[in-house]
Amino acid sequence: MDARPLRVVCYVNQYFGTLGGEDRAGLGPQAMEGAVGSARAVQQALGEAGTVVATLACGDNYAAEQPERAVAELVRLVAAAGPDLVIAGPAFLAGRYGVACGALCAAVQAELKIPAVTGMHAENPGVELYRRQVHIVSTGGEAARMGDEARRLVALGLTLARGETPGAPAVEGYFPRGVTRNVVTAASAAERATAMLLDKLAGRPFASEVPRPAFPAVPAPRLVKTLEGATIALVTDGGLVPRGNPDGVEPLNATRYGAYSIEGKTGLDAAQYDNPHRGYDTSWVKQDPHRLVPVDVARELEQQGAIGKLHETVYSTVGVATTLAHSARMGREIADKLREAGVDAVILTST
Amino acid sequence: MRLEMGTFPVTDIAFDGSTRWEAGRLTVDRDAVLAAVREDPRIASAELEIARPGESVRIWPVRDVIEPRVKVQGPGVCYPGVCGRDIATVGEGRTHRLAGLGVAEVSSVNWHDAGGDFVETYLDMSGHYADMYPYRRLLTLCLVVEPDATLGEEIKNYAVHKAALTVADRLAESVRGLTPPEREVFELGPVNPALPRVIYIWCVHSPQAMSGSPTAFGTATYGLTQLTPPWYLHPNEILDGALTGPYRTAFAMSWTVANNPLLLDLYRRHGKDWNFLGVISLRTEWTTQTEKQLMANQTAKLARLLGAQGAVVTWDAGGNEFIEVVRSIQACERLGIKTVFLTSEDDATDGAPTMLEPLPEADAIVSTSFFKNVTLGVPPAPAVARVIGLPTKQIRRGSTIGLHGGADAMLPTAGPLPAPWRYDDHYGFGSLSCIE
């Protein structure tokens, strides 16, 4: 086994690098030899297992105001130091610092293939931004227990540097990354279910096998105009596509959507449309597409002046077994395009 | 209700002389069984083949797997109401079953003609793909059957499923008059009133919304498949086949319903760990939010009126059906009924929640891991020496090949084949889970 001590590079902000306070927050990236500032706690925690060969520092404002440039410059400094492991922070509750730690760790892993670890408080914005890509150790809000927390960063970092898979987030003390994997358990799922029910009924502690997810509520926005002055768009996840499905919208697990012009149309001709959706009986929509995308009635309302204008593009995808990640992305992209086109409201027909 | 279940283990099967069971060996009079199947003029062709555990054999397309059961004493017939059978309430008296044996219904007939819902299941008797299913351990008698091609889809479904039941009946008849080597009495007798009262909320899919037909073939309650408000079933009714498959996945077959390990575990703990109240069977895939919420409310209300303090919840579908399932859990919890949910999980790409609507009330979940074979990382099933059924299988875009993309393709069934797109161990047969 290779007993060579690990080469570790630390990343700190101007404050934890003892370069100054808020007045030095504009400082650009720089490399200092050995362990400086809070990196000394990392060196202490490493003991014989590794050496902090360099401490990189960057001002909080510099990193926040030009994040891409700052990360690119820092990645070059990391590469020059040739470490086996990067330890950033811990950043505690410091927002700019936390985001920079997350961004640097993500970039180092992706571009240099060097393992990286950071630490911060649950409410640091860097957690939500980077926990999926980076192992982020959960720390307190302040630096009061720096030695302790540096030890936890180092322990997780050493595991990653050895190429090993860390234990569960709750055990190792890092934020869940949403990276799930299959395991074979000792008992069948049926046996685990009855055991869990016995525990729950008896008021004993039990561990749900699916963590409670953070699932942000989406409030329905209010229409700030009257309908008479509003531009209305038709959007559907019911799978209406032009015949031949030119965008190749998948019949399930969709990753694509189409944008289809209805300019000059007072209605949709069934002969020109098709529907690949595999989640419902599509024969009625194929017979009359207005059952899904009511261009006919919307045009009438437009003529009558009941709505200001019907948006000339219909967006359509297939909503069946579509992953949340793709749903969120497609929704964002469609919403951006609608907003850019000055659309005020959407009628979204779902199936 | 008191039901005595007599079990006849089958350890060997062969085509030979008369149909009879003796000391674990089942012989099947192939000609007589096939003649019974062909009595139905709607059947165009029928053959019987045997698949044994460990053999390099693949069965495609598998519409259902049925465990032969016969009513020996008491009212009604096993698998009541299915394909015109008697609908007398079952669950009492004595039933005999052939254990370790499955009758596979192998046919190209699709569930319905509304599109979008295809028979995708094939079964292997050896290899990694086989090891994921309980059928791997079953001696399987395959009925390869095709109906008159001129018939409508619903009649075709009726005809081929009736044919498979005919085969199962013929085999089960052979043990009607014999003394079972194993017996178990199932009864929800009086128990210590201090024990907590527990109900099983068993959600089963209805094909009505997909097919547009209230009589489409699929998971049935006394033969009915339409969307109905929650049923209250005595577990003995289910042991007699009042609830049957099949649905889209290999875990939603009649065999898995009749052998549901969770039901049996709940039942066998009656009087020891709890007072088992029975089963509420909720139909899923209601089409509007109002209907979904109404079914959830009514399910929880029924559970409370029955006195439930705890509930285990399972389901057999994926997608919008989740809403009435998880809302039922929420409604139960709000009435003070403590729930445990046994479910598979969706794709967690980018750390997305794996539940379609993750409600905080669903705080006790047992995971059978991902329901998509692609996410599970199941490699293609290997080439096999023999195929029972059709020589080619259509692999559909967006489903079986990868998650997104590829094109529809017709592949030789005997060759390496991507696993059907869904896995989904609805009743917890296996030991898979999913952790971070």
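Residues numbered from 1 in each chain as written. Chains lettered and ligands numbered in written order. Predicted model: local features only at pLDDT ≥ 70, side-chain atom pairs only at ≥ 80, totals over all residues. Heavy atoms only, no water.

Student: Looking at this structure, I do not really get empty space enclosed by the protein. What am I missing?
Tutor: If a probe as big as a water molecule is rolled over the atoms, it shows which places are left empty. Residue and element names in this part refer to chain A. By the definition in use, this model includes 3 cavities of 30 Å³ or more. Estimates place the volume of the largest cavity at around 60 Å³. Lining the largest cavity, in full, are Leu240, Val241, Pro242, Tyr260, Ile262, Leu268, Tyr273, Val293, Val314 and Ser316. Counting residues per element, the ones that place at least two in the lining of the largest cavity are strand E9 (241-242) and strand E13 (313-317). When grouped by side-chain class, the residues that make up the lining of the largest cavity number 9 nonpolar, 1 polar and no charged. (1 Å grid on protein atoms, 1.4 Å probe; cavity = no way out; pocket = protein on both sides within 12 Å on 5 of 7 lines; lining within 4 Å. Points joined across faces, edges and corners; volume = space filled by probe spheres on them. Helix = DSSP H or I, 4+ residues; strand = E, 2+ residues; numbered from the N terminus. Nonpolar A, V, L, I, M, F, W, Y, C, P; charged D, E, K, R; others polar.)

Student: Would you mind going over the interface of chain A and chain B with me for this structure?
Tutor: Interface size is commonly expressed as the accessible surface area that is lost when the partners come together. Taken residue by residue, the interface counts 54 residues in chain A and 69 residues in chain B. Between chain A and chain B, the buried area comes to about 5,000 Å², and carbon and sulfur atoms account for 60% of it. Here chain A and chain B share 3 salt bridges between them. The shortest N-O distance in the salt bridge between A:Lys200 and B:Asp363 comes to 2.8 Å. Inspection of the chain A/chain B interface yields 16 residue pairs in polar contact (both at pLDDT 80 or more). Counting only elements with at least two residues in the side of chain A that touches chain B, the list comes to strand E7 (181-184), helix H8 (189-202) and helix H11 (324-340) of chain A. For the side of chain A that touches chain B, the element with the highest residue contribution is H8(A), accounting for 11 residues. (Contact = heavy atoms within 4.5 Å. Buried area = accessible area lost by both parts, 1.4 Å probe. Salt bridge = Lys/Arg side-chain N within 4 Å of Asp/Glu carboxyl O. Polar contact = N/O pair within 3.5 Å; in protein donor to acceptor, adjacent residues only side chain to side chain.)

Student: Explain the nonpolar core to me, please; I cannot follow it from the model alone.
Tutor: Inside soluble globular proteins, nonpolar side chains tend to come together where they are buried. Residues and elements named next belong to chain A. Counting residues in hydrophobic clusters, the biggest one holds 59 residues, and the most contacted among them are Tyr11, Val42, Ile87 and Val108. Element by element, the count of residues in this core is highest for helix H4 (residues 95-112), at 9 residues. In this structure tyrosine 11 touches Leu56, Ala57, Cys58, Ala63, Leu74, Ile87, Ala88, Gly89, Tyr97, Ala100, Cys101 and Leu104, once residues within four positions along its chain are discounted. (Core = buried A, V, L, I, M, F, W, Y, C linked by side-chain atoms within 4.5 Å. Buried < 20%, exposed > 50% of the residue type's maximum accessible area, 1.4 Å probe, protein only.)

Student: Please explain the domain arrangement of chain A as it appears in this structure.
Tutor: Examined at the domain level, chain A breaks down into domain 1 (6-172) and domain 2 (227-349). Summarising the inter-unit geometry, the C-alpha centres of domain 1 of chain A and domain 2 of chain A are found 46 Å apart. (Domains from an automatic or database assignment.)

Student: Hey, could you run me through the packing of helix H8 (residues 289-305) of chain B against helix H9 (residues 321-334) of chain B in this one?
Tutor: To describe two helices that pack against each other, one gives the angle between their axes and the distance between the axes. Residue and element names in this part refer to chain B. Packing of H8 against H9 brings their axes to within 8 Å, and their N-to-C directions diverge by 40°. Classified by the angle between their axes, H8 and H9 sit oblique to one another. At the point where H8 passes H9, the crossing takes the right-handed sense. In contact with Gln289, Lys292, Gln293, Met295, Ala296, Asn297, Thr299 and Ala300 of H8, H9 contributes Glu321, Ile323, Glu324, Arg327, Ser328, Ala331 and Cys332. Of the residues contributing to the contact of H8 with H9, the split by class is 6 nonpolar, 5 polar and 4 charged. (Axes fitted to C-alpha atoms, helices over the stretch in contact; angles between N-to-C directions. Parallel < 35°, antiparallel > 145°, perpendicular 65-115°, else oblique. Left-handed = near helix turned anticlockwise from the far one by under 90°.)

Student: Just to check I follow, could you spell out the sheet that holds strand E22 (residues 386-389) of chain B for this structure?
Tutor: Two pairing modes exist for strands in a sheet, parallel and antiparallel, and in both the strands are linked by backbone hydrogen bonds. Here 3 strands make up an open sheet; going across it, the order is E11-E6-E22 (chain B) and the pairing mixed. Sheet topology places strand E11 (123-124) and E22 of chain B at the edges, where each strand pairs with a single neighbour. (Pairing = 2+ DSSP bridges.)

Student: In this structure, what is going on with the packing of aromatic side chains? I would like to understand it.
Tutor: Any two aromatic rings considered together are summarised by their centre-to-centre distance and by the angle between their planes. The tally for this structure, following the rule as stated, stands at 23 aromatic pairs over all chains. On the numbers, 6.3 Å between centres and 55° between planes, the contact of A:Tyr11 with A:Tyr97 is tilted. You can see A:Tyr11 sitting in strand E1 (residues 6-13) and its partner A:Tyr97 sitting in helix H4, a full 86 residues away along the chain. Taken together, B:Tyr122, B:Tyr129, B:Tyr133, B:Tyr135, B:Phe251, B:Trp255, B:Tyr423 and B:Phe429 form an aromatic cluster joined through their ring pairs. Directly above the aromatic system of B:Trp421 lies the positively charged group of B:Arg422, at a separation of 5.4 Å from the ring centroid. (Phe/Tyr/Trp six-rings, centres within 6.5 Å; stacked < 30°, edge-to-face > 60°. Lys NZ or Arg CZ within 6 Å of the ring centre and 35° of its normal.)

Student: Before we go on, may I ask you to explain the sheet that holds strand E9 (residues 93-99) of chain B in this structure?
Tutor: All names here are of chain B. Strand order across the open sheet formed by 4 strands is E8-E9-E1-E13, with mixed pairing between neighbours. Edge positions in the sheet fall to strand E8 (69-73) and strand E13 (182-187), since each has one partner strand and no second. Taking the axes of each pair of neighbouring strands and ignoring which way they run, one obtains an average angle of 25° across the sheet. The pairing of strand E1 (residues 2-9) with E13 spans 6 bridges and is antiparallel. Bridge pairing in E13 links threonine 7 to glutamate 182.

Student: For this particular structure, what's the right way to read the state of the cysteines?
Tutor: Simply put, the disulfide is a covalent bond whose two ends are the sulfur atoms of two cysteines. Residue and element names in this part refer to chain B. Evaluation of the coordinates by the stated rule reveals 0 disulfides over all chains. A disulfide-free cysteine, cysteine 142 has its sulfur positioned 19 Å from the sulfur of cysteine 83, the nearest such atom. By relative accessible area, cysteine 142 is classed as buried at 0%. (Disulfide = S-S within 2.5 Å.)

Student: Explanation requested: the pattern of salt bridges in the structure shown.
Tutor: Note that side chains of opposite charge can pair when their charged atoms are close. Residue and element names in this part refer to chain B. Following the criterion strictly, the structure yields 45 salt bridges over all chains and no others. In this structure, the salt-bridge partner of glutamate 55 is arginine 386, at a minimum N-O distance of 3.4 Å. Placement of the pair is glutamate 55 in the loop between strand E5 (43-51) and strand E6 (57-60) and arginine 386 in strand E22, with a sequence separation of 331 residues. Between glutamate 324 and lysine 292 there is a salt bridge; the shortest N-O distance is 2.7 Å.

Student: Can you help me understand unusual backbone geometry in this one?
Tutor: Generally, phi is negative for residues other than glycine and the peptide bonds are trans, each holding for most cases. Residue and element names in this part refer to chain B. In this chain, tryptophan 60 is followed by proline 61 through a cis amide linkage whose omega measures -5°. Topologically, proline 61 is positioned in the loop between E6 and strand E7 (62-66). Of the consecutive residues glycine 245 and proline 246, the connecting peptide bond is found in the cis state with omega at 0°. Within the element layout of this structure, proline 246 appears in the loop between strand E17 (243-244) and helix H6 (254-258). Although it is not a glycine, alanine 23 sits at a positive phi angle of roughly 50°. Within the element layout of this structure, alanine 23 appears in the loop between strand E3 (20-22) and strand E4 (25-28). Residue aspartate 424 is not a glycine yet carries a positive backbone phi of 70°. The topology assignment puts aspartate 424 in the loop between strand E24 (409-412) and strand E25 (432-435). Given the relative accessible area of 3%, aspartate 424 is considered buried.

Student: How should I be thinking about the side chain of B:Arg97 in this particular structure?
Tutor: All names here are of chain B. The residue arginine 97 is located in strand E9 in this model. Accessibility expressed as a relative area gives 14% for arginine 97, which makes it buried. A distance of 3.2 Å separates polar atoms of two side chains, one belonging to arginine 97 and the other to asparagine 259. Sequence-distant contacts of arginine 97, that is, excluding residues within four places in its chain, are made with Met5, Gly6, Thr7, Phe8, Glu67, Pro68, Arg69 and Asn259.

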